[in-house]
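Below, each chain spelled out in residue letters.
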Amino acid sequence: MALLLITHDLSVVRKMADKVCVMNQGEIVEAALVDRLFADPQHAYTRRLLAAEPKGKPAPRASDAPEVMRGDDVKVWFPIQRGLMRRTVDHVKAVDGIDVLVREGHTVGVVGESGSGKTTLGLALLRLIGSEGDIRFDGKPLQGLQFKELRPLRRQMQIVFQDPFGSLSPRMSVSEIIAEGLKVHGIGGTAAERERLIVESLEEVGLDPAARHRYPHEFSGGQRQRIAIARAMVLKPRFVVLDEPTSALDMSVQAQIVDLLRDLQGRHDLAYLFISHDLKVVRALSDYILVMKDGKVVEQGPADRIFDRPEDPYTQALFKAAFDLETAEAGVVAT
């Protein structure tokens, strides 16, 4: 079987392809056998693409920083119902008794294979889905709070979704998208004040405020993700769930978004829960790591310890699969 593999993941390209075509602005700027291209790229864009990956580690943070988000024994069980009476015969234990703590200015990375419960954990902490266990934001218990009681806290707890192409309404301009949260929470008493906040938010994420009246389809994937980040940051949150925010972006844009997230965190002492499959991005951002499998945490600890000395066999296998892709020689599938 012949395979045409379309991806922005260069590790997968190196593992799978015999020949590689590099595209930019609708044109193939370079085509070569995989070994030759990775060893000696000829085109300037190819060289930038291969060099552009998240680097470095987060700046050291105080270990006794204030607690922002805490979950103890968090459970999200979905019932399995069968029969005419739809009786519950079992449960899918998406999140099964997890403890998590995110401090001010810190990033907790959550890794694991698809279906391990990472996103469900993030949604449960934000009270976007029902759960059991003790969840506290800034020391205040969230479980049991009704909609009206939660609403004042919503502006301080935000989420950036995985897909920048699906998370922005195509019927709203960028200005309207960012203004929506301001209106909901009564921030900015006048239209002029809200406009000022929108402009400041776009400038903070590196976008030209003059483009704020355009629509999402007029922007690239990286620009759309910056818009999604601006939508969250305009509310001045304290806790942000980042749900695979770089997975739909190419390598060069991934590195830019990582730098942006670091910069915003440093400026505002944001607490991040960073959910990702990409271990290079996780290492670049995270102070602490949770490794999830089948709804449970199989290993956790400081990021350096987890990456340098993983102890659980599942963690070892996960890291081996990821980093073997980076160093593997060319694979067996023709492009």
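Asker: Can you walk me through the overall build of the protein in this structure?
Answerer: When helices and strands are tallied, the protein shows 12 helices and 12 strands. Computed over the C-alpha atoms, the radius of gyration of the protein is 21 Å, within 12% of the 20 Å expected from 2.2 N^0.38 for a compact globule of 335 residues. The buried share among the 335 residues of the protein stands at 45%. Long-range contacts, defined here as pairs at least 24 residues apart, represent 67% of the contacts in the protein between residues at least 6 apart. Summed over all atoms, the accessible surface of the protein reaches about 16700 Å², with 52% contributed by carbon and sulfur. Once the 44 positive and 47 negative side-chain charges of the protein are each reduced to a mean point, those two points are 4 Å apart.

Asker: Would you explain the sheet that holds strand β3 (residues 67-82) in this entry?
Answerer: Whenever strands of a sheet pair, they do so through backbone hydrogen bonds, lying parallel or antiparallel. Pairing within the open sheet is antiparallel, and its four strands lie in the order β4-β3-β6-β7. Pairing within the sheet leaves two strands with one partner each, and these edge strands are β4 (87-103) and β7 (140-141). When β3 meets β4, the two strands line up antiparallel, connected through 13 bridges. For V76, the partnering residue across the bridge sits in β4 and is V95. Strand contacts of helix α4 (residues 118-125): β3, β4 and β6 (132-137), with the helix running at about 115° to β3, the strand carrying the most contacts.

Asker: Looking at this model, I keep getting lost on the pattern of salt bridges. Mind explaining?
Answerer: Two side chains that carry opposite charge are able to pair once their charged atoms sit near each other. Enumeration according to the criterion identifies 20 salt bridges in this entry. Of the charged contacts, one joins D269 and R61 as a salt bridge, the two residues approaching to 3.3 Å between their closest N and O atoms. Placement of D269 in the loop between α9 (251-268) and β10 (271-275) and of R61 in the loop between α3 (44-51) and β3 is noted, with a sequence separation of 208 residues between them. With a relative accessible area of 29%, R61 lands in the partly exposed category. Close ionic contact of E218 with R214 constitutes a salt bridge, the shortest N to O distance being 3.7 Å. Here R214 falls in the partly exposed class, since its relative accessible area comes to 34%. One salt-bridge network, held together by shared partners, links E67, R70 and D72.

Asker: Would you mind going over the packing of helix α6 (residues 174-184) against helix α7 (residues 191-204) with me for this structure?
Answerer: In a pair of packed helices, the angle between the axes and the distance between the axes together describe the arrangement. Contact geometry for α6 and α7: axes closest at 10 Å, N-to-C directions at 115°. Between α6 and α7 the crossing geometry is right-handed. Judged by residue contacts, V174, S175, I178, A179, L182 and K183 of α6 engage R194, E195, L197, I198 and L202 from α7. Along the lines of polarity and charge, the residues of the contact of α6 with α7 split into seven nonpolar, one polar and three charged.

Asker: Would you mind showing me how to read the pairing of strand β12 (residues 296-302) here?
Answerer: Within a regular strand, the side chains alternate between the two sheet faces. Bridging between strand β11 (residues 288-293) and β12 involves six bridges; their strand directions are antiparallel. Looking at β12, one finds that Y288 is bridged to P302. Between the end of β11 and the start of β12, which pair antiparallel, lie two residues, with D294 showing a positive phi angle near 55°.

Asker: Which parts of the structure should I look at to understand the sheet that holds strand β8 (residues 157-160)?
Answerer: Taken together, six strands build an open sheet; the order of strands is β8-β9-β10-β5-β11-β12 and the sheet is mixed. Of all the strands in the sheet, just β8 and β12 have a single pairing partner and so form its edges. Between one strand axis and the next, the sheet turns by 15° as a mean value, whatever way the strands run. On top of the sheet, α4 reaches β5 (107-111), β8, β9 (239-243), β10 and β11; it is set at about 150° to β10, its chief contact.

The rules behind the values
All residue numbers here refer to positions counted from 1 along the written sequence of the relevant chain. Only residues with pLDDT of 70 or above have their local features reported here, since the model is predicted, and side-chain atom pairs are shown and tallied only from 80 upward, although totals for entire chains, interfaces and linings are computed over all residues. Excluded from the side-chain calculations are hydrogens and water; all other atoms, namely the structure's heavy atoms, are used. Only DSSP runs of H or I reaching four residues or more are called helices, and only runs of E reaching two or more are called strands; each is numbered from the N terminus. In this description the radius of gyration comes from C-alpha coordinates, and the expected globular size is given by 2.2 Å times residues to the power 0.38. Here the term buried applies to any residue with accessible area under 20% of the maximum for its type, exposed to any over 50%, and partly exposed to those in between, with areas from a 1.4 Å probe on protein chains only. Throughout, a contact is declared for two residues whenever any of their heavy atoms are within 4.5 Å. Computed by Shrake-Rupley with a 1.4 Å probe, the accessible areas treat only the displayed protein chains as cover when residues are assessed. Lys and Arg are tallied as positive, Asp and Glu as negative. Neither His nor the chain termini are counted. For the purpose of locating charges, the reference atoms are NZ of Lys, CZ of Arg, CG of Asp and CD of Glu. Two strands qualify as a pair provided DSSP detects at least 2 bridges between them. Structural elements are reduced to axes, namely lines fitted to C-alpha atoms, with helices fitted over the stretch in contact, and the angle between N-to-C directions of any two is expressed from 0 to 180 degrees. The salt bridge definition used is simple: a Lys or Arg side-chain nitrogen within 4 Å of an Asp or Glu carboxyl oxygen. A clockwise turn of the near helix away from the far one marks a right-handed crossing, whereas an anticlockwise turn of less than a right angle marks a left-handed crossing. The residue classification treats Ala, Val, Leu, Ile, Met, Phe, Trp, Tyr, Cys and Pro as nonpolar and Asp, Glu, Lys and Arg as charged. All others, Gly included, are polar.

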